[in-house]
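# Examination of the molecular architecture
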Amino acid sequence: MGPAPARHETRSALEASVCEAMRRQNMVHEHRSLRFRVTMASGETVEYRPDVVARRGPILFLIEPLADAAEASRLELLERFLDQHSPEIVLVVLAAKDMMARVPAEAYDELYDAADVAAVARRIRLQDPGGIVCPFPKPRSGAGL
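I will try to describe carefully the structure that is included in this document.

Each value, and the rule that gives it
- Residues numbered from 1 in each chain as written.
- Predicted model: local features only at pLDDT ≥ 70, side-chain atom pairs only at ≥ 80, totals over all residues.
- Heavy atoms only, no water.
- Helix = DSSP H or I, 4+ residues; strand = E, 2+ residues; numbered from the N terminus.
- Buried < 20%, exposed > 50% of the residue type's maximum accessible area, 1.4 Å probe, protein only.
- Contact = heavy atoms within 4.5 Å.
- Areas by Shrake-Rupley, 256 points an atom, 1.4 Å probe, with all protein chains shown as cover.
- Phe/Tyr/Trp six-rings, centres within 6.5 Å; stacked < 30°, edge-to-face > 60°.
- Polar contact = N/O pair within 3.5 Å; in protein donor to acceptor, adjacent residues only side chain to side chain.
- Axes fitted to C-alpha atoms, helices over the stretch in contact; angles between N-to-C directions.
- Parallel < 35°, antiparallel > 145°, perpendicular 65-115°, else oblique.
- Left-handed = near helix turned anticlockwise from the far one by under 90°.
- Nonpolar A, V, L, I, M, F, W, Y, C, P; charged D, E, K, R; others polar.
- Core = buried A, V, L, I, M, F, W, Y, C linked by side-chain atoms within 4.5 Å.
- Pairing = 2+ DSSP bridges.

## Details of the overall build of the protein
Looking only at helices and strands, the protein features four helices and seven strands. Burial status across the protein gives 39% buried among its 145 residues. If you take every contact in the protein between residues at least 6 apart in sequence, the share linking residues at least 24 apart comes to 56%. Within the structure as shown, the protein displays about 7900 Å² of accessible surface, and the carbon and sulfur contribution to it stands at 53%.

Printed below as a string of structure tokens:
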């Protein structure tokens, strides 16, 4: 186990904009503070460290900014993660509008346009820590990757 990352160290412009939107809305958050083990279809165990983590009581929001299609290879990891981990974790994916249709519904709990990071921060801020997480509407059919 290596050293913890700097509290607000970001790896992409999109992650930095998520961080800034959360700061503007006074949302406490962390960067790469959690580690999960995910078993891939091959049987290999892979580490998953969500880019941004926000906590609302017992509800854990993991924010995954996908800056471009080159990061689409991460989608299998996200699908497997959701299949294997707690339903009290909400996996939020941010993707460019032209990429959103290619993100399979199995790879996220909530999907937002990367151009509207303020909506993600607002959604998390407004989540009642003692309440239930409302279902997020997902497309019924999608091409996937």
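## Some remarks on helix α4 (residues 117-126)
Taken together, the buried positions of α4 are occupied by Val117, Ala119, Val120, Ala121, Arg123 and Ile124. Those residues of α4 hidden inside the fold are in contact with α1 (13-24), β4 (52-56), β5 (59-66), β6 (89-95) and β7 (110-113).

## Observations regarding the packing of aromatic side chains
Under the definition given, this model contains five aromatic pairs. Aromatic pair Phe36 and Phe81: ring centres 5.0 Å apart, planes at 70°, arrangement edge-to-face. Here Phe36, found in strand β2 (residues 36-39), pairs with Phe81, found in helix α2 (residues 74-84); they are 45 residues apart in sequence, far enough to count as distant. This pair shows no difference in class: Phe36 is buried, exactly as Phe81 is.

## Observations concerning the environment of Glu30
Inspection of the secondary structure puts Glu30 in strand β1 (residues 30-31). Residue class for Glu30 comes out partly exposed when judged on its relative accessible area of 22%. Separated by 22 residues in the primary sequence, Glu30 and Val52 place their C-alpha atoms 5.6 Å from one another. Beyond its immediate stretch of four places on either side in the chain, Glu30 contacts Asp51, Val52, Val53 and Arg55. Within the structure, the side chain of Glu30 is placed 2.4 Å from the side chain of Ser33, a separation counted as a polar contact.

## Brief notes about the packing of α1 against α4
Viewed as axis vectors pointing N to C, α1 and α4 meet at an angle of 45°, and their least axial separation amounts to 9 Å. By the angle between their axes, α1 is oblique relative to α4. Read as a crossing pair, α1 and α4 show a hand that is right-handed. For the pair α1 and α4, the contacting residues are Leu14, Ser17, Val18, Ala21 and Met22 in the first and Val117, Ala118, Ala121 and Ile124 in the second. Along the lines of polarity and charge, the residues of the contact of α1 with α4 split into eight nonpolar, one polar and no charged.

## Looking at the nonpolar core
In this structure, Phe36, Tyr48, Leu62, Phe81 and Val103 are the most contacted members of the largest nonpolar core, which totals 22 residues. The set of elements that each furnish at least two residues to this core consists of β2, β5, α2 and β6. Setting aside residues up to four positions removed in sequence, Val103 forms contacts with Leu75, Val93, Ala95, Tyr108 and Leu111. The next biggest cluster of nonpolar side chains, apart from the first, holds 19 residues, and it includes Val18, Val52, Ala54 and Ala114.

## Some thoughts on the side chain of Glu15
Take Glu15: it is sitting in helix α1. In contact with Glu15, not counting residues within four places along its chain, are Glu9, Thr10, His31, Arg32, Asp51, Val52 and Pro65.

## Description of the pairing of β5
In terms of residue burial, β5 counts as a mostly covered element, since eight of its eight residues are buried. Here β5 shows no split at all, with Ile59, Phe61, Ile63 and Pro65 on one side and Leu60, Leu62, Glu64 and Leu66 on the other all buried. Sheet topology note: the β4/β5 ladder contains five bridges and is antiparallel. The residue bridging Arg56 from the neighbouring strand is Ile59, located in β5.

This is a description of form; function is not addressed.
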